[in-house]
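So you can see what is in the structure, the chains are spelled out below.
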Amino acid sequence: MITIAGKKMGKSYNNFITLRQFFAGDHPLLTKAFSPMTIRFFILMAHYRSTVDFSSEALEAAEKGFQRMTEAYARLQKITAAATSTDEVHSLVAELRQHCAEAMDDDLNTPIVISNLFDSTKAINSVADGKATISEADLKELRDVWQLYAIDILGLQLAGNQQSAISNQQSAYNGAIDLLLNIRLDAKRNKDWGTSDRIRNSLTELGFKIKDTKDGFEWSL
Amino acid sequence: MLEIYNSLTRFKETFKPLHPGHVGMYVCGPTVYGDAHLGHARPAITFDILFRYLTSLGYKVRYVRNITDVGHLEHDADAGEDKIAKKARLEQLEPMEVVQFFTNRYHHDMEALNVLPPSIEPHASGHIIEQIAFVQAILDKGYAYVSNGSVYMDVERYAKDYPYGKLSGRNLNDIVTDTRELDGQEEKKHSYDFALWKKAAGLQSSAIRRMASRRYLRAKDSRAGTWSARLWERSTWARSLTSTEVVWILCSRTTRQKSLRVAQHSGTKPYITGCTTT
């Protein structure tokens, strides 16, 4: 059951918000538009037999959580394998599949599956930041578990398969920023610090967050 | 091993399919007279997770989710207008236009939520013949009665033979105190009786009166089939609706329990059922 201000949401109570209103942000109770995947993630963050109280704030929290998932998934696709795994990384990867399976077997406990996947983002981030390493076998296992539980079972459309939903304008924009940052990488390699700093500082001024990584860069707005 | 909550026993139990390797899932779909809201998204996503998980475990899953395109009356059940007919009247559309419009939008919304389509998507209007036979079977067993041309479930009679209220955990006394006063109550023996087949408002023709009568319902399946088929051929959905208002899939919690009890009684056993609540 979903409640809104403590009351069941339903047609007969005339207190419902349609999915289309969520997707367009077109309702007085909504602070903004929420994507279908945010709605899906919001619902999966609670066990199916529990009552969920809807609020715009709760949806915003779900949106941030989903954003973290997509970022972690994107990093997982980018990171590269090393000869061996750091101990913490290896023990996490070794248990992840089992933990996710146990949660699903326990009356479809999706919030626990999500929290297990979140735990694994720490390992993904340390590898991405060069603070830990992951072996080829562990990297394959980690990617397989994310594919099975996040994408196939929870049905979350993370990054890659969400591309089609992004408008042409958005992808052109992303491409332009990537281009600028690649020019900056080249400038750095050529020790052209003037150009490199100019790009970095200007983008930062415009509100971009730029992060240098072992394999290149990441940015967000 | 998958453990899943059983509403009947109120315990988590190890999931064991009746036929090894196969699972049948029946999920109550939308009544297509308006856009899906958050309350519809939740059961749709929950059963999508179940479908996806069972599939990933290697089961062959037959997933049936219906479209209720006829027979969902205003005010739960017994009085009032068919919801789709009412919407059509207000929008000056054919009921079938309302049905198609909101079915398309429902599919689109479900796709956006990445809810996989079911294996079979039956329409209530496509199973009128089976529904007539079903109501007839209940009448023949003595668990229903005809009043003023409509057929009602005789809940008290049924409760003598079967544990009515076992799924919802409510006994008849609880149900009595909870039942709202609605128009048309005077036709029923008890307020907790519910309509199985409703006489349409403004019925005129003797043929249609006969249709709603017990005598008609006792007719052989073949005759019922002929009658329905004729209705479909000669008239629009709207006209056939006013003569065959069908009440069988009502997605309130109490009705879910009712329909499940009836289904068990009649020998078809859905072992996973879901319902969207409206």
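Since the structure is predicted, the reported quantities are computational estimates derived from the model, not experimental observations.

Draft legend 1. View of the overall build of chain A. Tallying secondary structure elements over chain A gives 8 helices and 5 strands in all. Secondary structure elements in chain A, listed N-terminal to C-terminal, are β-β-α-α-β-α-α-α-α-α-α-β-β. Put simply, chain A has 221 residues, and 43% of those count as buried. For chain A, the proportion of contacts with a sequence separation of at least 24, taken over those separated by at least 6, is 67%. Surface accessibility of chain A: about 11400 Å² in total, with carbon and sulfur atoms responsible for 52%.

Draft legend 2. A look at the sheet that holds strand S2 (residues 7-8) of chain A. Residue and element names in this part refer to chain A. Taken in spatial order, the 3 strands line up as S2-S1-S3 in an open sheet, and their pairing is mixed. For this open sheet the edge positions go to S2 and strand S3 (52-54), each flanked by a neighbour on one side alone. Bridging between strand S1 (residues 2-4) and S3 involves 3 bridges; their strand directions are parallel. Directly across from Ile4, in S3, lies its bridge partner Phe54.

Draft legend 3. Fine view of the nonpolar core. In this structure, Phe54 and Trp146 of chain A are the most contacted members of the largest nonpolar core, which totals 77 residues. At 10 residues, helix H1 (residues 38-56) of chain B tops the list of elements feeding residues into this core. Those residues within four positions of Phe54 of chain A in sequence are excluded, and the remaining contacts are Ile2, Thr3, Ile4, Met9, Ile17, Phe22, Leu30, Phe42 and Leu59 of chain A together with Leu38 of chain B. Among the nonpolar cores identified, the runner-up in size contains 17 residues, and Ile132, Val135, Tyr143 and Val155 of chain B belong to it.

Draft legend 4. Structural context of the pattern of salt bridges. Residue and element names in this part refer to chain A. Summed over all chains, the structure comprises 21 salt bridges over all chains. Two residues, Lys32 and Glu63, come together in a salt bridge whose shortest N-O distance is 2.6 Å. In this pair, Lys32 sits in the loop between helix H1 (19-24) and helix H2 (36-44) while Glu63 sits in helix H3 (residues 56-78), placing the two residues 31 residues apart along the sequence. You can call Lys32 partly exposed: its relative accessible area is 32%.

Draft legend 5. Region of the structure containing the environment of Thr121 of chain A. All names here are of chain A. With respect to the helices, strands and loops of the structure, Thr121 is situated in helix H5 (residues 110-128). Once the C-alpha coordinates of Thr121 and Arg75 are considered, the two residues, 46 residues apart in sequence, prove to be 9.1 Å apart. Setting aside its immediate chain neighbours within four residues, Thr121 contacts Ala72 and Trp146. A polar atom in the side chain of Thr121 sits 2.5 Å from the backbone oxygen of Phe118.

Draft legend 6. Inspection of the interface of chain B and chain A at higher detail. Contacts between chain B and chain A engage 34 residues on the former and 43 residues on the latter. Summed over both sides, the interface of chain B with chain A buries roughly 3300 Å², with 61% coming from carbon and sulfur. The interface formed by chain B and chain A contains 3 salt bridges. Here Asp48 of chain B makes a salt bridge to Arg40 of chain A, at a shortest N to O gap of 2.7 Å. Mapped onto the side of chain B that touches chain A, the elements with two or more residues apiece are strand S1 (3-6), H1 and helix H3 (95-112) of chain B.

Draft legend 7. Structural detail: the sheet that holds strand S7 (residues 195-197) of chain B. All names here are of chain B. What the 3 strands build is an open sheet, ordered S5-S6-S7; its pairing is antiparallel. Pairing within the sheet leaves two strands with one partner each, and these edge strands are strand S5 (144-147) and S7. The sheet shows a mean angle of 40° between the axes of neighbouring strands, direction not considered. Pairing of S5 with strand S6 (residues 150-153) involves 4 bridges; the strand directions are antiparallel. Residue pairing in the sheet places Val146 in a bridge with Val151 of S6. Of the strands in this sheet, S5, S6 and S7 touch helix H4 (residues 128-140), which is tilted by about 125° from S7.

Draft legend 8. Representation of the environment of Val145 of chain A in the model. Residues and elements named next belong to chain A. Turning to its location among the elements, Val145 is positioned in helix H6 (residues 136-153). On the accessibility criterion, Val145 (1% relative accessible area) is buried. A C-alpha to C-alpha distance of 9.0 Å links Val145 and Leu117, two positions 28 residues apart in sequence. Setting aside residues up to four positions removed in sequence, Val145 forms contacts with Leu96, Arg97, Cys100 and Ala150.

Draft legend 9. Local environment of the packing of aromatic side chains. Enumeration over the complete set of coordinates arrives at 15 aromatic pairs over all chains. Taken together, a centroid distance of 5.0 Å and an interplanar angle of 85° make the contact between Phe101 of chain B and Phe102 of chain B edge-to-face. Look at Phe101 of chain B and you get partly exposed, because its relative accessible area is 44%. In textbook terms, an aromatic cluster arises when at least three aromatic residues are bridged by ring pairs, as seen for Tyr143, Tyr158, Tyr162 and Tyr164 of chain B. Looking at Arg49 of chain A, its charged tip hangs above the ring of Tyr5 of chain B, at a distance of 3.9 Å from the centre. The side chain of Lys189 of chain B reaches across the aromatic face of Tyr145 of chain B, ending 4.7 Å from its centre.

Draft legend 10. Up close: H2 of chain A. Buried residues dominate H2 of chain A, accounting for 9 of its 9 residues. Where H2 of chain A is concerned, the buried positions are Pro36, Met37, Thr38, Ile39, Arg40, Phe41, Phe42, Ile43 and Leu44 of chain A.

Calculation rules
Residues numbered from 1 in each chain as written. Chains lettered and ligands numbered in written order. Predicted model: local features only at pLDDT ≥ 70, side-chain atom pairs only at ≥ 80, totals over all residues. Heavy atoms only, no water. Helix = DSSP H or I, 4+ residues; strand = E, 2+ residues; numbered from the N terminus. Buried < 20%, exposed > 50% of the residue type's maximum accessible area, 1.4 Å probe, protein only. Contact = heavy atoms within 4.5 Å. Areas by Shrake-Rupley, 256 points an atom, 1.4 Å probe, with all protein chains shown as cover. Pairing = 2+ DSSP bridges. Core = buried A, V, L, I, M, F, W, Y, C linked by side-chain atoms within 4.5 Å. Salt bridge = Lys/Arg side-chain N within 4 Å of Asp/Glu carboxyl O. Polar contact = N/O pair within 3.5 Å; in protein donor to acceptor, adjacent residues only side chain to side chain. Buried area = accessible area lost by both parts, 1.4 Å probe. Axes fitted to C-alpha atoms, helices over the stretch in contact; angles between N-to-C directions. Phe/Tyr/Trp six-rings, centres within 6.5 Å; stacked < 30°, edge-to-face > 60°. Lys NZ or Arg CZ within 6 Å of the ring centre and 35° of its normal.

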